[in-house]
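# Overview (structure and organization)
What follows is each chain in one-letter form.
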Amino acid sequence: MQRKLAIFLACFILSVAGLFYWINARLTPTYLQYAEVQTNKIASMVISKAINTRIANVLDVNDIIEHVPSESANNMVTTKFNTEIINRVLSDTQSLVQSHLEQAEKGNLSSLPYLDDIEYDKQTMEDQGGVVFFVPMGQAANIPLIGNLGPKIPIRFHVIGNVQSTVVQSIDEFGINNAFVDISILLKVNVQIIVPLASKMSTVEQKIPVAMGLIQGQVPQIYTKGDGGSAPSVEVPINPTPVPK
């Protein structure tokens with residue numbers, strides 16, 4: 001009798017363990033997808049919070065351009081970007097974001113965004129590092145019936161390596177001989193997302209504006225779209241300078 005009971009208990013425990021393992025294996029992709037969404041949201045908000053602490057606002061594009069006169073006979077002026085200013089903003093922004101992410105991983109809650117559906121584990125962050133937060137299993141598994149009920153699933157993410165930053169520019173034609181210029185910094189942060197029995201690498205990207213504005217050039221005497229079509233050029237009338245007699 002005792003032997004049958006021991007066999008029954010062993011089979012019951014193995015069945016329960018197998019059931020939990022099967023459920024976890026089926027739900028792990030859902031956990032990872034949910035964890036990636038939440039991680040991207042938290043990391044993006046940490047970056048935005050870091051950028052908002054900058055004293056300087058977005059620059060006017062005219063603050064970072066230089067006009068270099070040409071030695072040619074037509075007195076043309078060449079416009080170029082001031083790389084010294086751009087590189088300084090790039091370096092300051094990268095250092096600022098890196099510092100805020102490090103503070104967040106150390107458990108500094110002031111560097112983390114407040115979200116109603118996320119509970120941070122401050123003690124674990126201080127002891128083990130990384131950003132650790134809990135979400136209800138029903139919410140992570142996308143089961144509306146249990147909503148915020150059920151056990152809480154721990155999610156952790158670590159920043160891997162340094163923040164990567166590059167300068168991107170966008171120049172759009174505007175009117176006649178004018179251009180709208182947008183200079184921004186593209187930040188990339190590599191993170192490792194960890195959920196129970198699984199992990200995943202992800203990249204968080206965010207674009208930070210540096211300078212934008214309109215660069216106005218001189219209106220030429222003759223204007224054409226230059227697309228090789230049959231449209232005629234438009235000549236801008238200019239009063240000739242009278243020749244003294």
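An unreviewed UniProt entry annotates the chain as Sporulation protein YunB originating from Psychrobacillus mangrovi.

With respect to the element layout, Ala43 can be found in helix H1 (residues 2–52). Classification of Ala43 as buried rests on a relative accessible area of 2%. In the structure, Ala43 is positioned 114 residues away from Phe157 in sequence and 9.5 Å away in space, judged by C-alpha atoms.

Direction of pairing for strand S6 (residues 152–174) relative to strand S7 (residues 178–195): antiparallel, over a ladder of 16 bridges. Residue pairing for S7: Val167 is matched across the bridge by Ile185. Turn length for the S6-S7 hairpin, with the two strands adjacent in sequence and antiparallel, is three residues, and the turn residue Gly175 shows positive phi of about 65°. Pairing of S7 with strand S8 (residues 198–216), which is carried by 18 bridges, proceeds in the antiparallel orientation. Across the sheet, the residue bridging to Ser184 is Pro209, located in S8. Counted along the chain from S7 to the antiparallel partner S8, the turn is two residues long, and its residue Leu197 has a positive phi close to 65°.

Further remarks concern the sheet that holds S6. The mixed open sheet is built from six strands, whose spatial order is S1-S8-S7-S6-S5-S4. With partners counted over all chains shown, the strands left at the sheet margins are strand S1 (59–60) and strand S4 (119–120), one partner each. Sheet analysis places strand S5 (residues 131–136) next to S6, joined by six bridges and oriented antiparallel. Across the sheet, Val131 pairs through a bridge with Phe157, a residue of S6. Sheet strands touched by helix H2 (residues 83–105): S1, S5, S6, S7 and S8. Its angle to S6, the strand with the most contacts, is close to 165°.

Now for H2. With 23 residues, H2 should cover 33 Å at 1.5 Å per step; its first-to-last C-alpha distance of 33 Å lies within 8% of that length. Looking only at H2, the buried set comprises Ile85, Ile86, Val89, Leu90, Thr93, Val97, Gln98, His100, Leu101, Ala104 and Glu105. The N-cap residue of H2 is Asn82: its side-chain oxygen and the backbone nitrogen of Glu84 are 3.1 Å apart. Just beyond H2, the residue with positive phi is Gly107, at close to 95°.

By the element assignment, Gln98 lies in helix H2. Residues contacting Gln98, with those up to four places away along its chain left out, are Gly161, Asn162 and Val163.

Core analysis: the biggest nonpolar cluster contains 49 residues, and Ile42 and Phe133 have the highest contact counts within it. Every element with two or more residues in this core is listed here: H1, H2, S5, S6, S7 and S8. Examining the composition of this core, we find that 11 residues originate from one element, H1, more than from any other. Those residues in contact with Phe133, other than ones at most four positions away along the chain, are Gln38, Thr39, Ile42, Ile118, Glu119, Tyr120, Asp121, Ile153, Pro154, Ile155 and Phe157.

Our next topic: the pattern of salt bridges. If you walk through the whole model with that rule in mind, you get four salt bridges. For Lys152, the salt bridge goes to Glu119, with nearest N and O atoms at 2.5 Å. Of the two residues, Lys152 sits in strand S6 while Glu119 sits in strand S4, which places them 33 residues apart along the sequence. On the accessibility criterion, Lys152 (48% relative accessible area) is partly exposed. Looking at Glu119, the relative accessible area reads 37%, which means it is partly exposed.

Conventions adopted
- Residues numbered from 1 in each chain as written.
- Predicted model: local features only at pLDDT ≥ 70, side-chain atom pairs only at ≥ 80, totals over all residues.
- Heavy atoms only, no water.
- Helix = DSSP H or I, 4+ residues; strand = E, 2+ residues; numbered from the N terminus.
- Buried < 20%, exposed > 50% of the residue type's maximum accessible area, 1.4 Å probe, protein only.
- Pairing = 2+ DSSP bridges.
- Contact = heavy atoms within 4.5 Å.
- Axes fitted to C-alpha atoms, helices over the stretch in contact; angles between N-to-C directions.
- Expected span 1.5 Å × (residues − 1).
- Polar contact = N/O pair within 3.5 Å; in protein donor to acceptor, adjacent residues only side chain to side chain.
- Core = buried A, V, L, I, M, F, W, Y, C linked by side-chain atoms within 4.5 Å.
- Salt bridge = Lys/Arg side-chain N within 4 Å of Asp/Glu carboxyl O.

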